[in-house]
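Report on the structure
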Amino acid sequence: MSAATAATPVNAEQTGRRVEEVLERLTASGDPAAAAAAEELVRSLMDFYGAGLARILHLLTSAPDRPAARLLGDELVASLLVLHDLHPEDRDARIARALDSVREHALEVVDFDERSGTLSLRAQEAGGCGCGSGGDARQAAEAALACFAPEVRAVDVQTAPAGPTLLQIGTAPTGAR
């Protein structure tokens, strides 16, 4: 838990009053679009936090033997924890957790550039029909990382050659004669 969060407890009643006062000021400003947007923002945030709290309760009660692992592995809960600097795992562990959630793409971390927020990954070339899925891998990684590691602002997927090449039927490997 961050020092700022631990040191400043929040009074729910005062916070509710502050939100109402801000909404009233926006309504009084005479800009109905701004007031409507602010009310929509508050509703959206309430929905987000409500869903996160409901998920936390569900995960705690459905896995009493490993609640922390279930909580940290859930995208919605993880995003709330990261948003408030409460996630107990460091960036590299959260990146690994995100990539584990899309393991079907076999992505491997190559490098992370902290300045630009770019994560470089390596994916195995698609086998079989030769159809590549680099775009799918990048999109899957970006979606998972958005929840677990929002400090990753861009994903670069490099394609590594697939394992040993297959022999053409009717030929022998070089030196096998």
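Notes on the structure in this doc start here. (Residues numbered from 1 in each chain as written. Predicted model: local features only at pLDDT ≥ 70, side-chain atom pairs only at ≥ 80, totals over all residues. Heavy atoms only, no water.)

As for the overall build of the protein
- The secondary structure content of the protein amounts to seven helices and three strands.
- Mapped in sequence order, the helices and strands of the protein form the string α-α-α-α-α-α-β-β-α-β.
- Long-range pairs, those at least 24 residues apart, make up 58% of the contacts in the protein with a sequence separation of at least 6.
- When the accessible area of the protein is evaluated, it comes to approximately 12,100 Å², of which 56% is carbon and sulfur surface. (Helix = DSSP H or I, 4+ residues; strand = E, 2+ residues; numbered from the N terminus. Contact = heavy atoms within 4.5 Å. Areas by Shrake-Rupley, 256 points an atom, 1.4 Å probe, with all protein chains shown as cover.)

Observations regarding the layout of surface pockets
- In this structure, the largest pocket spans a volume of roughly 470 Å³.
- Where the lining of the largest pocket is concerned, the elements lending two or more residues are helix H2 (12–28) and helix H3 (32–62).
- The element contributing the most residues to the lining of the largest pocket is H2, with six residues.
- For the lining of the largest pocket, the per-class residue count stands at eight nonpolar, three polar and one charged.
- What lines the second largest pocket is Tyr49, Leu53, Ile56, Val77, Leu80, Leu81, His84 and Leu86.
- Of all the elements in the fold, those that place two or more residues in the lining of the second largest pocket are H3 and helix H5 (75–83). (1 Å grid on protein atoms, 1.4 Å probe; cavity = no way out; pocket = protein on both sides within 12 Å on 5 of 7 lines; lining within 4 Å. Points joined across faces, edges and corners; volume = space filled by probe spheres on them. Nonpolar A, V, L, I, M, F, W, Y, C, P; charged D, E, K, R; others polar.)

Things to note about the sheet that holds strand E1 (residues 107–113)
- Taken in spatial order, the three strands line up as E1-E2-E3 in an open sheet, and their pairing is mixed. The two strands at the open ends of the sheet, each matched to only one other strand, are E1 and strand E3 (154–160). Taking the axes of each pair of neighbouring strands and ignoring which way they run, one obtains an average angle of 25° across the sheet.
- Bridge count for E1 against strand E2 (residues 118–124) is six bridges, and the pairing is antiparallel. (Pairing = 2+ DSSP bridges. Axes fitted to C-alpha atoms, helices over the stretch in contact; angles between N-to-C directions.)

Quick word on the packing of H3 against H5
- Running from amino to carboxyl end, H3 crosses H5 at an angle of 120°, the nearest separation of the two axes being 9 Å. Between H3 and H5 the crossing geometry is left-handed. Along the contact surface, H3 presents Phe48, Tyr49, Ala51, Gly52, Arg55, Ile56 and Leu59, while H5 presents Leu76, Val77, Ser79, Leu80 and Leu83.
- Residue composition of the contact of H3 with H5, grouped by class: nine nonpolar, two polar and one charged. (Left-handed = near helix turned anticlockwise from the far one by under 90°.)

Quick notes on the packing of H2 against H3
- Where H2 meets H3, the axes come as close as 8 Å, and the angle between the chain directions of the two elements is 155°. On the basis of their axis angle, the class for H2 and H3 is roughly antiparallel. When the axes of H2 and H3 are compared, the crossing they make is left-handed. From H2, Val19, Leu23, Leu26 and Thr27 reach across to H3, where they touch Ala34, Ala35, Ala38, Glu39 and Val42.
- Considering only residue class, the contact of H2 with H3 consists of seven nonpolar, one polar and one charged. (Parallel < 35°, antiparallel > 145°, perpendicular 65-115°, else oblique.)

Observations concerning the environment of Ala160
- Among the secondary structure elements, Ala160 is positioned in strand E3.
- Under the relative-accessibility criterion, Ala160 is labelled buried at 10%.
- With 38 residues separating them in the primary sequence, Ala160 and Arg122 have C-alpha atoms 6.2 Å apart. (Buried < 20%, exposed > 50% of the residue type's maximum accessible area, 1.4 Å probe, protein only.)

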